[in-house]
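Geometric and topological summary
Spelled out from the first residue to the last, the chains are:
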Amino acid sequence: MKNLKHSLGTRLFIIAFLTLILLIPALLIQNLISEREDRRDLVADEISQKWGSEQDLVGPIITIPYKYYFKGEDDVEQTIRYAHFLPENLNIEGEVLPEVRYRGIYEVIVYNSKLSVSGNFPAIDLDGFKIPEEDFLPENAFVSFGISDMTGIKDFVTINWEGEALLANPGIETNDVLQSGISIAPDIQPGEPYSFSFELNLNGSTGMRFSPVGKQTAVELSSIWANPSFTGNFLPVDREVSEAGFEANWKVLHLNRNFPQQWTGANQEISNSTFGVDLLLGVDEYQKTMRTAKYAIMFISLTFLTFFMIELLSKNIIHPLQYLLIGFALLIFYTLLLSISEYVVFSFAYIIASTAIISLITIYSYSILSDKLKTGVIAGVLIILYGYLYILLQLQDFALLLGSLGLFVVLSVVMYLTRNINWFEIMNSSNQET
């Protein structure tokens, strides 16, 4: 015990060892944050399954079956394959009506959308394929429109096809392009152009995506939701976001994507060229809390360094158990922040948690040091640390730069304060006292 009290080298080793030991509960706290975030996502998925998940809309697409011959084991065999044709123009206009649903402490953004879809197909040209025209089966042709989550359909869909009202049916004959959706079977003849229009009443969650299947695709969306995120391969050509909501217009040409206007067989490139909007709930408290927790090692190290400097410059001796209790107090900050931020906004939760921990460590420090000036130094360092971290969280793009500058300043201060210390003399005196 006497060696522990007077040996500077031993105390330094123990402080470093305690810092590394405290990394274990710090990692457990990060796992706890991930678990709470996963729980939130699970609740969101449960609500989405009943209401309608994120919607991906593709189409419409004309599909014409054809006979395909291939050499079998004994003779030439026949199967059915499909040729797909995309529209010349595709216009989609609609309004997204958002709503926040709650499950316990969790909230999920859902929406109902009213969409008007219209456009036209050019004259169907079968000469572009190296397939005899007599092998095509236009009498079995159909038109499909892809909807990723059929749960969200709220009304019957009637498609106006060349003036004829056709009631859409669920399901698609082939999964070459679309995995789920609706379809109709109008009379389609090669060499004839076709126009279409229909209304779609659709529920969904979080966001909506469109595929630019038209030679020219134009999408106009509006909503009262004031916190959108425009995502996907194409950004709006015009957008206006305000507290009253947003309006956005997209225009995409067939030259902007990586698939043709007509082809045979499967084509998965369509699903890789989507664009649309996500409806954000605002600050993700779990992501911010996780970012905060990743600074745990820096907080523990700098706080321990502050106490050690006070030991060194004032001859106060702090027991390793007291260091350990201070380290636990620093870690409790993250669990407080996590639990409080699930009920109030992150900024307010941060103020409550940091104030509680700064007060706790300051009061405990005074009981150890019995000196108002030294205790004030501890409180000031903690206030600077927590304030600096909050600034880093707000400035994501400059977090690395500010973090590096902050560590540089800390190192400069430590070097300045210890510039006149004769470390060999201190080590020798410690050994002699031992």
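If you're wondering where the values come from, they're calculated on a predicted model, not measured in any experiment. (Residues numbered from 1 in each chain as written. Predicted model: local features only at pLDDT ≥ 70, side-chain atom pairs only at ≥ 80, totals over all residues. Heavy atoms only, no water.)

**Here we look at unusual backbone geometry**
Outside of glycine, negative phi angles account for most residues, and trans bonds account for most peptide bonds. How we decide: The secondary structure listing takes helices from DSSP runs of H or I that are at least 4 residues long and strands from runs of E that are at least 2 residues long, numbered from the N terminus. Burial classes: relative accessible area under 20% of the type maximum marks a residue as buried, over 50% as exposed, and values in between as partly exposed (1.4 Å probe, protein chains only).
Despite not being glycine, Glu-162 shows a phi value in the positive range, around 55°. Turning to its location among the elements, Glu-162 is positioned in the loop between strand 6 (158-161) and strand 7 (164-167). Despite not being glycine, Thr-206 has its phi angle at roughly 70°, a positive value. As for its position among the elements, Thr-206 is in the loop between strand 10 (194-205) and strand 11 (207-210). For Thr-206, a relative accessible area of 34% gives the class partly exposed.

**A closer look at the side chain of Thr-63**
Here is the rule we go by: Under the rule applied, a polar contact is a pair of N or O atoms within 3.5 Å (in protein, one hydrogen donor and one hydrogen acceptor; residues adjacent in sequence only if both atoms are side-chain atoms). Pairs of residues are marked as contacts when any of their non-hydrogen atoms sit within 4.5 Å.
Mapped onto the secondary structure, Thr-63 falls in strand 1 (residues 55-71). At a separation of 3.0 Å, a polar atom in the side chain of Thr-63 contacts the side chain of His-84. The residues contacting Thr-63, other than those within four sequence positions of it, are Tyr-82, Ala-83, His-84, Ala-141, Phe-142 and Thr-174.

**Describing the sheet that holds strand 10**
Strand-to-strand pairing in sheets goes through backbone hydrogen bonds, with the strands running parallel or antiparallel. Operational definition: Here, a strand pair is defined by DSSP locating no fewer than two bridges between the strands. Orientation is described by axes fitted as lines to C-alpha atoms, over the contacting stretch for helices, and by angles from 0 to 180 degrees between their N-to-C directions.
One open sheet accounts for eight strands, arranged 7-6-10-4-3-12-15-14; its pairing is mixed. At either margin of the open sheet sits one strand with a lone partner, and together these are strand 7 and strand 14 (238-242). Adjacent strand axes in the sheet meet at a mean angle of 15°, parallel and antiparallel pairs treated alike. In this structure, strand 6 lies alongside strand 10, joined through two bridges in antiparallel fashion. Across the sheet, Asn-160 pairs through a bridge with Ser-197, a residue of strand 10.

**What about the nonpolar core?**
A general feature of soluble globular proteins is that nonpolar side chains tend to end up buried together. Heads up, the condition is: For the purposes of this section, nonpolar cores are sets of buried Ala, Val, Leu, Ile, Met, Phe, Trp, Tyr and Cys residues that join through side-chain atoms within 4.5 Å.
Leu-57, Ile-62, Trp-161, Leu-200, Phe-210 and Leu-221 are the most contacted members of the largest nonpolar core, which has 62 residues in total. Element by element, the count of residues in this core is highest for strand 1, at six residues. Excluding its chain neighbours within four sequence positions, the residues that come into contact with Trp-161 are Ile-62, Phe-121, Val-143, Leu-166, Ile-184, Pro-186, Asp-187, Ile-188, Tyr-194, Ser-195 and Phe-196.

**Some thoughts on the packing of aromatic side chains**
To keep it simple, the criterion reads: Aromatic contacts are taken between Phe, Tyr and Trp rings whose centres are within 6.5 Å, Trp giving its six-membered ring; a plane angle under 30 degrees counts as stacked, one over 60 as edge-to-face, and the others as tilted. Two limits define a charge over a ring: the Lys NZ or Arg CZ must be within 6 Å of the ring centre, and within 35 degrees of the ring normal.
Inspection of every chain in the model, using the stated rule, returns 19 aromatic pairs. With centroids separated by 5.7 Å and ring planes inclined at 85°, the aromatic side chains of Phe-85 and Phe-129 adopt a geometry described as edge-to-face. You can see Phe-85 sitting in strand 2 (residues 76-85) and its partner Phe-129 sitting in the loop between strand 4 (106-121) and strand 5 (142-147), a full 44 residues away along the chain. Per residue, the accessibility class of Phe-85 equals that of Phe-129, and both read buried. Seen in terms of ring centroids, Phe-346 and Tyr-350 are 6.2 Å apart; in terms of plane orientation they differ by 40°. Their pairing is tilted. You can see Phe-346 and its partner Tyr-350 sitting in helix 7 (residues 346-369), four residues apart, about one turn around the helix. A relative accessible area of 3% places Tyr-350 in the buried class. Taken together, Phe-210, Phe-230, Phe-234, Phe-246, Trp-250 and Phe-275 form an aromatic cluster joined through their ring pairs. Seen from the ring of Tyr-68, Arg-81 lies directly overhead, with NZ or CZ sitting 3.7 Å from the centre.

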